[in-house]
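# A closer look at the structure
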Amino acid sequence: MRTETDIIGSVTLDDDCLYGINTARALDNFAMDSHRTDLSLISAIVTVKKAAAVTYRKLGIKPEMYAAAAEACDEVIEALETPGDSRIKQAFPLDALQGGAGTSTNMNVNEVIANLTLIKLGHKPGEYEYCHPLNDINMGQSTNDVYPTGLRIAAIRGLRKLSSAAAALQESLQKKELEFERIKKLGRTELMDAVPVTLGGEFGAYAQAIARDRWRIYKVEERLRQVNLGGAAVGGEDLSLRGYRFGVIEELRKLTDIGIAKAEYPMDITQNQDVFVEVSGLLKSMAVNMMKIAGDLRLMASGPYGGLGEIRLKPVQQGSTVMPGKINPVIPEMVLEAGTKVISCDAAVTYSATRGEFELNALVPLIADSLLTSIRILKNAADIFREKCIDVLEADEKRCREILDSTYAFAASYLADLGYDTVSRTVKENAPAGAKKILEEMKKEKEGR
C-alpha cells in the first residue's frame, strides 16, 4: 500500500493504483451511482494532455519525462478506444455528476498519466518527485481551459459521426421516396381525411427534414473549434508560457485533425456556455424530426386488420406475453423514447448554462454529460431506425388505394369549378351513400355548368 497526502490529509491506495489522492476523494464525495464520466470526454482531455507534453518537450523542458508522458497518453487513448474492460479504463471511475466544474476529472486524468509516466521511467506509482500530476502533467493548465477544450473535441468527434448517420438516414428515406412515388394514398391533416398524396411524397418530406438536420449539425462544428486552451483559470495568459500557449494549439490541431483555433477572447469561452446550448438545440431539432417520422410510421403501420395498415414494418420481436401473434412497432417507439431523452438533456444543458457566475460555470460536467449523451443516443437511434425500420419497411399499395377510394379526398379538386359552398353541400348531402356517390354528384354538378 502507498500513502498520498494533500492539504486535507492522507489517503491510502494500492501500490499499483493508477489514480491518486484527488481521484480517491472525488470517488468518495460523488458516489452518485448514476454512470461514469463519458470515455470520449476523457479521451479528448488526454489528447489535450498529450499536446501539452509534446509542446513542452519541443520547448526543451524535461524532454525525457514529457516524451514518456506523451507515450502514456497514447497508451490511455488506445485503451479507452478498445472494446472491453481494462486496467486503464478502471482507472477512470468517477461519476459524470461532480462539483467543481470538472476539476475531479482533470485531476483523475493528471494522476493516471503521471503514474503511467512514472512506470515508463522506471519508477513506482506515487513517486511524484519524478513526475507530478499537477506540477508537470497539468503545467500551465487549469480545469477551466482543459475541460471545455476536451468537451469541444469530444463533441466535434461525436457530431461528425452523427452527421454521417443523418446522411445515411436521409439517403434511406430518399430511396423510399423513389420506391413509393407512384403509390397514391390519403393525405391527412389533424388526423382527418384531407386530400390525395403519394406515399413517396411523404417520405420525400421526411428526407428533407433530416437533410436540414444534417446541414445544421455539419455547420455547428464551426462554433466549437475556438478553444480557450492556454488561458488557465479565467481566460488570462499569465499562468502559462508564451511558447506553450501557441505551440499547444498547433499540436492539438495535428493530433485531432480538427481546425482548432485559439479564441480571440478566452475569457468569453471560460465564462459562457451558450455554444453548447446552441449545439444541444440542434440535436433537439433532429430528435423532434425523427420523432415525427417515427410517429407517422407507427400510425401508418397500425393494424394489421383494425388499423390503417398502409405500410408493413419488419417484425423484429414478439409483441405480447398474453396476445399470441401480436407484433409491436418497437423500433419507432424506441426512436420516440430516444428523442424524449434528447429533449430532456437539452433542458439540462439550457438550465446549466444559466448557472454560470462571473468567470466560471460550475455545472459544466452536467452540460458535458447531457450533450455527449444526446449525441450518442441520436447517432445510435438514427442507425437503428434506418437499418431495422426504414430500409426494410414495405408499402401496402392495395390498402392505400382502398382507403383513398373510400373517402371524399378528391373533393378539393372541384373547388375551382364549383366553389367551396357547392362542394361542401354536395359532400354533406351524399356522404351517407359513400365516396362513389359523392364523386358522381360532383361530376353532374360540373357538367351542368
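Criteria and cut-off values
Residues numbered from 1 in each chain as written. Predicted model: local features only at pLDDT ≥ 70, side-chain atom pairs only at ≥ 80, totals over all residues. Heavy atoms only, no water. Salt bridge = Lys/Arg side-chain N within 4 Å of Asp/Glu carboxyl O. Helix = DSSP H or I, 4+ residues; strand = E, 2+ residues; numbered from the N terminus. Buried < 20%, exposed > 50% of the residue type's maximum accessible area, 1.4 Å probe, protein only. Expected span 1.5 Å × (residues − 1). Contact = heavy atoms within 4.5 Å. Phe/Tyr/Trp six-rings, centres within 6.5 Å; stacked < 30°, edge-to-face > 60°. Pairing = 2+ DSSP bridges. Core = buried A, V, L, I, M, F, W, Y, C linked by side-chain atoms within 4.5 Å. Axes fitted to C-alpha atoms, helices over the stretch in contact; angles between N-to-C directions. Parallel < 35°, antiparallel > 145°, perpendicular 65-115°, else oblique. Left-handed = near helix turned anticlockwise from the far one by under 90°. Nonpolar A, V, L, I, M, F, W, Y, C, P; charged D, E, K, R; others polar. Arc of directions from axis to C-beta.

### Quick notes on the pattern of salt bridges
Counting across every chain of the model gives 35 salt bridges. One salt bridge in this structure joins arginine 223 and glutamate 278, with 3.2 Å as the shortest N-O distance. Linking arginine 223 in helix 8 (residues 199-224) with glutamate 278 in helix 12 (residues 274-300), this pair joins segments that are 55 residues apart in sequence. For arginine 223, a relative accessible area of 45% corresponds to the partly exposed category. Measuring nitrogen to oxygen at the nearest pair gives 3.7 Å for the salt bridge that ties glutamate 429 to arginine 425. Here arginine 425 and glutamate 429 lie together in helix 17 (residues 420-430), a separation of 4 residues that amounts to about one turn. Overall, the relative accessible area of 53% leaves glutamate 429 in the exposed class. Note on arginine 425: relative accessible area 37%, which makes it partly exposed.

### What to know about helix 10 (residues 242-256)
The terminal C-alpha atoms of helix 10, which comprises 15 residues, lie 22 Å apart, in line with the 21 Å expected from a rise of 1.5 Å per residue. Buried within helix 10 are the following residues: Tyr244, Arg245, Gly247, Val248, Ile249, Glu251, Leu252 and Thr256. Buried-residue contacts for helix 10 involve helix 2 (39-58), helix 7 (143-179), strand 5 (226-227) and strand 6 (261-262). Of the residues one or two after helix 10, aspartate 257 is the one with positive phi, at around 55°.

### Side note on the packing of aromatic side chains
Aromatic ring pairs are described here by two measures, namely the spacing of the ring centres and the angle between the planes. Taken as a whole and judged by the stated rule, the model has 5 aromatic pairs. With centroids separated by 5.1 Å and ring planes inclined at 35°, the aromatic side chains of tyrosine 56 and tyrosine 66 adopt a geometry described as tilted. Here tyrosine 56 is found in helix 2, whereas its partner tyrosine 66 is found in helix 3 (residues 63-81), with 10 residues between them in sequence. Centroid distance phenylalanine 180 to phenylalanine 203: 5.5 Å. Interplanar angle 70°. Geometry classified as edge-to-face. Of this pair, phenylalanine 180 sits in the loop between helix 7 and strand 3 (184-189) while phenylalanine 203 sits in helix 8, and the two are 23 residues apart along the sequence. An identical accessibility class is assigned to phenylalanine 180 and phenylalanine 203; each is buried. Here the aromatic cluster, defined as three or more aromatic residues joined through ring pairs, consists of Tyr56, Tyr66 and Tyr244.

### Observations concerning the environment of leucine 80
With respect to the helices and strands, leucine 80 occurs in helix 3. By relative accessible area, which is 9% here, leucine 80 ends up buried. Separated by 41 residues in sequence, leucine 80 and leucine 39 place their C-alpha atoms 6.6 Å apart. For leucine 80, the contacting residues outside a window of four places in its chain are Leu39, Ile42, Ser43, Lys89 and Phe92.

### What to know about unusual backbone geometry
Each neighbour pair has its own omega, and for glycine 303 with proline 304 the value is 10°, a cis peptide bond. Within the fold, proline 304 resides in the loop between helix 12 and strand 7 (311-312). Positive phi values are uncommon outside glycine, yet aspartate 257 reaches one of about 55°. The residue aspartate 257 is located in the loop between helix 10 and strand 6 in this model.

### Digging into the pairing of strand 2 (residues 10-13)
Every other side chain in a regular strand lies on the same face of the sheet, so the side chains alternate between the two faces. Along strand 2, the buried face is formed by Val11 and Leu13; none of Ser10 and Thr12, which line the opposite face, is buried. Sheet topology note: the strand 1 (residues 2-5)/strand 2 ladder contains 4 bridges and is antiparallel. Its bridge partner being in strand 2, arginine 2 is matched across the sheet by leucine 13. Counting the residues between successive antiparallel strands, the hairpin from strand 1 to strand 2 contains 4 residues.

### What to know about the environment of threonine 270
Its place among the elements puts threonine 270 in helix 11 (residues 266-271). As for threonine 270 and valine 427, which are separated by 157 residues in sequence, their C-alpha atoms are 65 Å apart.

### Considering the nonpolar core
If you look at the biggest cluster of nonpolar residues, it comprises 104 residues, and the most contacted ones within it are Leu159, Leu173, Leu229, Leu283, Met290, Leu297 and Phe385. Formed by 9 residues, the second largest nonpolar core is a distinct cluster that contains Phe410, Tyr414, Leu418 and Ile438.

### A short note on the packing of helix 12 against helix 13 (residues 330-354)
A pair of packed helices is characterised by two quantities: the angle between their axes and the separation of those axes. One can describe the packing of helix 12 onto helix 13 by two numbers: an axis separation of 8 Å at closest approach and a directional angle of 160°. Taken together, the axes of helix 12 and helix 13 lie roughly antiparallel to each other. For the pair helix 12 and helix 13, the crossing hand works out as left-handed. Split by residue class, the contact of helix 12 with helix 13 holds 16 nonpolar, 6 polar and 4 charged.

### Remarks on helix 18 (residues 435-447)
With 13 residues, helix 18 should cover 18 Å at 1.5 Å per step; its first-to-last C-alpha distance of 18 Å lies within 8% of that length. Among the residues making up helix 18, those that are buried are Ala435, Ile438, Glu441 and Met442. In an axial view of helix 18, the angular spread of the buried residues amounts to 125°, which keeps them on one side of the axis. Residues of helix 18 that are exposed and point more than 90 degrees away from the buried face comprise Lys436, Lys444 and Glu447. For helix 18, the elements touching its buried residues are helix 15 (397-405), helix 16 (415-418) and helix 17.

Interpretation in functional terms is not warranted from these geometric data alone.
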